[in-house]
Amino acid sequence: MYGFLIAVGVVLLLSIVWMVYRIQTLVSVVKGSDKKIASGSNKVNAFLFLVFLVAVGGLMFWYSIKEFDNYQLPIASEHGVVTDRLFWITMAVTGVIFIITHILLFIFPYKYQYREDRKASFYPENNKLEVIWTTVPALVLTVLVITGWMAWSDITAPAPENAHVVELMGYQFAWDIRYPGQDKVLGDNDYRLTSAINPMGIDFTDQKSVDDFPSPKVVIPKGEPVLFKIRARDVLHSVFAPHMRLKMDAVPGMPTRFWFVPNKTTAEMRAELNNPDFNYEIACTEICGRGHNAMRRVIEVVEPAEYQKWLTEQKTFLQMNPALAEGIEVEVKEVAEIQ
Ligand SMILES: [Cu+2]
């Protein structure tokens, strides 16, 4: 509340200063001294450039430091260290350039503001300078792009054979989660099979679907590769697990994937952060509609033994809803019942 009142106060104060300035300008027109107006407003503008530099620059630094913990989350995956290192190198290079160019951008209009006794000098070209400011950024960017591309190729290389598969399907407005079950292979799906009782459009005539099971949360083992198979049912969504440094779009009709190795269990992260309520989460990071902000799912990272135990406790789609088996081939139905 106080913040809002202070903001209103500042706006009112600025308006008053502005009004006083305008009145002064009008008075000078009436007095016939309007020749000075041009140089007068130039002075004010030049000064405002400096004010903007200090105020907005200060605000930027203050906010970045204040919110640092919120965007520099602890890392909970193996490749996260690589991603972060790349991020900070790029941040340092571009940050230094940004600060230097912006200080010059705002100081020069002040320093070289209009004065009657000053004339701009004519300086049409300097080949040496142009070569320098073309090659240096080109070299720096080439190094950044190539190191980034190499890291990205490593991170997005095919998942190891033994990766634990989890399917994530985005829709307006949640994620549906499917595990492949004992055969470790997800059954087929077809969007034409999507219905009220089969929201993921799973093809239950496919033997591989029989042991597939849903889960309200993503449970994965620590220290073992996990492969997210990602798709979307309606519009673009994006899987974002910030602690895992994982982000991949979910695109209708175009399955995507992301594999990683979680390296801290939820319990370990709770202890590290001293926060017993902490949970890893998946959020949607594609503005996909009105309920976008509600697309949250918890990721629970557990020890491998605990993960194996959890797997055996889950109920398959067919066990949870026998109606799904209606109309499918008899042999498949028998398999479903046996399992
Ligand atoms: Cu979404």
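Fair warning: this is a prediction, and the values are worked out from it, not measured in the lab.

Reading guide: rules and limits
- Residues numbered from 1 in each chain as written.
- Predicted model: local features only at pLDDT ≥ 70, side-chain atom pairs only at ≥ 80, totals over all residues.
- Heavy atoms only, no water.
- Donors = N, O, S within 2.8 Å, 3.2 Å for Na, K, Ca; no water.
- Tetrahedral: all angles 85-135°; square planar, octahedral: opposite > 155°, others 65-115°.
- Helix = DSSP H or I, 4+ residues; strand = E, 2+ residues; numbered from the N terminus.
- Buried < 20%, exposed > 50% of the residue type's maximum accessible area, 1.4 Å probe, protein only.
- Pairing = 2+ DSSP bridges.
- Axes fitted to C-alpha atoms, helices over the stretch in contact; angles between N-to-C directions.
- Expected span 1.5 Å × (residues − 1).
- Contact = heavy atoms within 4.5 Å.
- Polar contact = N/O pair within 3.5 Å; in protein donor to acceptor, adjacent residues only side chain to side chain.
- UniProt positions renumbered as here; feature names shortened; annotations may be inferred.
- Core = buried A, V, L, I, M, F, W, Y, C linked by side-chain atoms within 4.5 Å.
- Domains from an automatic or database assignment.
- Buried area = accessible area lost by both parts, 1.4 Å probe.
- Salt bridge = Lys/Arg side-chain N within 4 Å of Asp/Glu carboxyl O.
- Nonpolar A, V, L, I, M, F, W, Y, C, P; charged D, E, K, R; others polar.

1. Some words on the coordination of the copper ion
Bound to the copper ion are the protein donor atoms His 237 (ND1), Cys 284 (SG), Cys 288 (SG) and Met 295 (SD), situated 2.1 to 2.5 Å from the metal. One can describe the donor arrangement at the copper ion as tetrahedral, given that its 4 donor atoms subtend angles of 93 to 126 degrees at the metal. Mapping the donors of the copper ion onto the primary sequence gives the spacing H-x46-C-x3-C-x6-M. Here Cys 284 is found in strand E9 (residues 280–284), whereas its partner Met 295 is found in the loop between E9 and strand E10 (297–302), with 11 residues between them in sequence. The two residues Cys 284 and Met 295 agree in class, both being buried.

2. Here we look at the sheet that holds strand E6 (residues 237–241)
Read across the sheet, 5 strands follow the order E4-E10-E9-E6-E7 without closing on themselves; strand pairing throughout is mixed. One side of each edge strand has no neighbouring strand; the edge strands of this open sheet are strand E4 (218–221) and strand E7 (246–250). Taken pair by pair, the neighbouring strands of this sheet meet at an average axis angle of 20 degrees, ignoring direction. Of the strand pairs in this sheet, E9 and E10 are connected by 3 bridges, and their pairing is antiparallel.

3. Some thoughts on helix H5 (residues 127–155)
The first and last C-alpha atoms of H5 sit 42 Å apart over 29 residues, in line with the 42 Å expected at 1.5 Å per residue. What H5 keeps buried is the set Leu 144, Ala 151 and Ile 155. The secondary structure elements touched by the buried residues of H5 are helix H4 (80–111) and strand E8 (256–260). A distance of 3.2 Å separates the backbone nitrogen of Lys 128 from a side-chain oxygen at the start of H5, and that oxygen is part of Asn 126.

4. Side note on the UniProt feature "domain: Cytochrome oxidase subunit II copper A binding" (unreviewed entry) in the protein chain
According to UniProt, the "domain: Cytochrome oxidase subunit II copper A binding" (unreviewed entry) feature falls on residues 161–313. The span residues 161–313 is 12% helix and 35% strand, and its two end C-alpha atoms sit 24 Å from each other.

5. Some points on the nonpolar core
Grouped together as the largest cluster of nonpolar side chains are 35 residues, with contacts concentrated most on Tyr 179, Val 218, Phe 228, Met 244, Ile 282 and Ile 299. For this core, the leading source of residues is strand E5 (residues 226–232), giving 4 residues. Here Phe 228 is in contact with Val 166, Leu 168, Val 218, Val 239, Leu 246, Thr 256, Arg 257, Phe 258, Phe 260 and Ile 282, once residues within four sequence places are set aside. With 11 residues, the next largest nonpolar core counts Tyr 171, Ala 174, Phe 204 and Leu 324 among its residues.

6. Things to note about the domain arrangement of the protein chain
Per the domain assignment, the segments making up the protein chain are domain 1 (39–113 + 127–157) and domain 2 (164–336). For the pair domain 1 and domain 2, the summed buried surface comes to about 1,300 Å²; carbon and sulfur atoms form 53% of the total. Between the two partners, domain 1 and domain 2, sit 1 salt bridge. Asp 84 is the partner of Arg 245 in a salt bridge, and the nearest nitrogen-oxygen pair spans 2.5 Å. Run the count over domain 1 and domain 2 and you get 11 residue pairs in polar contact (both at pLDDT 80 or more). Within the residue set of the side of domain 1 that touches domain 2, elements represented by two or more residues are H4 and H5. When the residues that make up the side of domain 1 that touches domain 2 are grouped by side-chain class, the tally is 7 nonpolar, 6 polar and 2 charged.

7. Focus on the UniProt feature "transmembrane region" (unreviewed entry) in the protein chain
According to UniProt, the feature "transmembrane region" (unreviewed entry) maps to residues 6–23, 44–65, 85–110 and 131–152 in the numbering used here. Regarding residues 85–110, the helix share stands at 100% and the strand share at 0%, and the terminal C-alpha atoms are separated by 38 Å.

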